[in-house]
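# Structural features, examined
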Amino acid sequence: MTLAGLSVGTANAGKIEAVRRALAKYPLLARLEVLPQKVESGVSDQPSTLEETTRGAANRARAAAARGGTVLGIGMESGLFDVGEDKTFDVCACVIYDGAASHVGYSCAWELPPKIRRLVKESGMNLTDAFNSAGVCDDPDIGDKGGVLAVVTGGRVTRPDYTVQAIQMAVVAMNPSLYECSPAVPSGINDSLTRLESTPRFRALAVLRSAMLAVAVAYFAWLVWFAGRDREGASLG
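Residues numbered from 1 in each chain as written. Predicted model: local features only at pLDDT ≥ 70, side-chain atom pairs only at ≥ 80, totals over all residues. Heavy atoms only, no water.

## Here's the deal with the packing of helix 1 (residues 13–23) against helix 7 (residues 159–171)
- Look at helix 1 against helix 7: their axes get within 8 Å of each other, and the N-to-C directions meet at 50 degrees. By the angle between their directions, the pair helix 1 and helix 7 is classed as oblique. In the crossing of helix 1 with helix 7, the sense of the turn from one axis to the other is right-handed. Contacts between helix 1 and helix 7 involve Gly14, Lys15, Glu17, Ala18, Val19, Arg21 and Ala22 from the former and Arg159, Pro160, Asp161, Thr163, Val164 and Ile167 from the latter.
- Taken together, the residues that form the contact of helix 1 with helix 7 break down as 6 nonpolar, 2 polar and 5 charged. (Axes fitted to C-alpha atoms, helices over the stretch in contact; angles between N-to-C directions. Helix = DSSP H or I, 4+ residues; strand = E, 2+ residues; numbered from the N terminus. Parallel < 35°, antiparallel > 145°, perpendicular 65-115°, else oblique. Left-handed = near helix turned anticlockwise from the far one by under 90°. Contact = heavy atoms within 4.5 Å. Nonpolar A, V, L, I, M, F, W, Y, C, P; charged D, E, K, R; others polar.)

## Some words on the nonpolar core
- Of all hydrophobic cores here, the largest spans 44 residues; its most connected members are Val19 and Ile167.
- With 6 residues, helix 7 is the largest single contributor of residues to this core.
- Among the nonpolar cores identified, the runner-up in size contains 6 residues, and Ala61, Ala65, Val95 and Tyr97 belong to it. (Core = buried A, V, L, I, M, F, W, Y, C linked by side-chain atoms within 4.5 Å. Buried < 20%, exposed > 50% of the residue type's maximum accessible area, 1.4 Å probe, protein only.)

## Section: the pattern of salt bridges
- Under the counting rule described, the total for this entry stands at 6 salt bridges.
- Glu17 is the salt-bridge partner of Arg21, the closest N and O atoms lying 3.7 Å from each other. Linking Arg21 with Glu17, this pair stays in helix 1, spanning 4 residues, or about one helical turn.
- Measuring nitrogen to oxygen at the nearest pair gives 2.6 Å for the salt bridge that ties Arg60 to Glu77. Here Arg60 is found in helix 3 (residues 50–68), whereas its partner Glu77 is found in strand 3 (residues 72–83), with 17 residues between them in sequence.
- Members of the salt-bridge network, linked through shared partners, are Glu17, Arg21 and Asp161. (Salt bridge = Lys/Arg side-chain N within 4 Å of Asp/Glu carboxyl O.)

What follows is the structure, encoded as structure tokens:
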């Protein structure tokens, strides 16, 4: 059994971007085709506990793999959890399902402003609605962009950024020597780049990419030359 594609349990543009960014950091995963799948989380629109948030991500991962017909499915879910009686934090959970085991990771967590917390707790709003209602932002589609996290950090940390974190933390467990994994999960996913770059397979791929780039450059140069010759011939005619 081999890995060819990764079914992603969302159609959210920011989360799809985050998956591609995260995979690019792992040579053994970067070649996977990203296949967005519109699936349901099976949890509330605004999960209110870490358990519910993780369950939503797990539901998305399994549903995506089933719908996409791939070994791997990945689900991401943003949700809230309380610390004490007066603080609520937002976090992103990621679950990667490999056909046998589920690998879980989390992002950094950030505290909701008090007035946003009150709107969420007392009015049942999700974060996007709460931030717009409070006048902190005025964009009902902010969740599909940088997210409200980008608003409170002045663009320094975006929703895709913290989603990348969650994905990378889930990938940590894709290590058959340390964790339970499907036979389809190859060893070496989390090896250092220095070690990977020394393998014959990596060097062969690097040579192939260089050759393809050289061919593309030569072809472009030929097109420029050919177009110039045509213009010269037309002027002489």
